[in-house]
Amino acid sequence: MPTEKVQARKTQYTWKHPIIKPDGGITYLTPRLANISQSPVTIQVGYDKEALDKYNKDNGASYEPLPPSAFKLADAEGNELSASEGIRVPAGDFSAKIMVKVGQLNSKDFPANKKYAIPLSITGASNYSLIPSQRSAILLLNRSILSSVAKVSGGEGIRIKPVGMHTKAEWTIQMSA
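Here is what the cut-offs are and how they apply
- Residues numbered from 1 in each chain as written.
- Predicted model: local features only at pLDDT ≥ 70, side-chain atom pairs only at ≥ 80, totals over all residues.
- Heavy atoms only, no water.
- Helix = DSSP H or I, 4+ residues; strand = E, 2+ residues; numbered from the N terminus.
- Buried < 20%, exposed > 50% of the residue type's maximum accessible area, 1.4 Å probe, protein only.
- Contact = heavy atoms within 4.5 Å.
- Polar contact = N/O pair within 3.5 Å; in protein donor to acceptor, adjacent residues only side chain to side chain.
- Phe/Tyr/Trp six-rings, centres within 6.5 Å; stacked < 30°, edge-to-face > 60°.
- Lys NZ or Arg CZ within 6 Å of the ring centre and 35° of its normal.
- Salt bridge = Lys/Arg side-chain N within 4 Å of Asp/Glu carboxyl O.

> Whenever I open this one, the environment of Ser126 confuses me. Can you help?
Within the element layout of this structure, Ser126 appears in the loop between strand 11 (116-125) and strand 12 (129-130). Of the residues examined, Ser126 reaches a relative accessible area of 30% and is grouped as partly exposed. Spatially, the C-alpha atom of Ser126 lies 5.6 Å from that of Val41, the residues being 85 residues apart in sequence. Filtering out sequence-adjacent residues up to four positions away, Ser126 remains in contact with Pro40, Val41 and Thr42. Among the polar contacts made by the side chain of Ser126, one reaches the main-chain amide nitrogen of Thr42 at a distance of 2.9 Å.

> I'm lost on the packing of aromatic side chains in this one. Help?
What characterises a pair of aromatic rings is the spacing of the ring centres plus the angle enclosed by the ring planes. Under the counting rule described, the total for this entry stands at three aromatic pairs. Lying across the ring of Tyr63, Lys115 places its NZ or CZ 4.7 Å from the centre.

> Sorry, what's going on with the pattern of salt bridges here?
Side chains that differ in sign of charge can pair as their charged atoms come close. Tallied over the entire structure, the rule returns four salt bridges. The partner of Arg135 in a salt bridge is Asp48, and the shortest N-O contact between them spans 3.6 Å. In this pair, Arg135 is assigned in the loop between strand 12 and strand 13 (136-140) and Asp48 in the loop between strand 6 (41-47) and helix 1 (49-59), connecting sequence segments 87 residues apart. One salt bridge in this structure joins Lys54 and Asp58, with 2.8 Å as the shortest N-O distance. Taken as a pair, Lys54 and Asp58 lie in helix 1 at a separation of four residues, close to a single helical turn. Residue classification places Asp58 among the partly exposed residues on the basis of a relative accessible area of 43%.

Scope: geometric values only; no functional claims are made or implied.
In structure tokens:
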């Protein structure tokens, strides 16, 4: 059994808060080897809902997993990765970047009142063993929310009667002096 190890980071979970704009967003993960590799190493990364379930339980959170169809994994140059091919760490290096591209999240399938995360785990690495407690990365997504705003000026007062808004799942109103 080889003594080399591979990890997502030096903590049990890696979490990031990438901002996902209405048209999508990009962030990066960096799987690392425990030392500089003498030969190329391929690291496989896969979707891991169980890691998110554990994260939610351990942190009193309620993130829902973003389905794999809503994001893509790619190498640093943008070439899409499949789970079987993985990311390649060249000889003489100890890490490689994985690009995580999230597509547009429509409000029908992904309501803004829910919190989403992408749970990923290292599933294998050529000639390296995994450190079980350091193989998961949870990307906690923050979404930009666009909203229409009415500007009202003048007058001594205002009377508002929202029509039909109380039946909508999401709406806000803010008044400032």
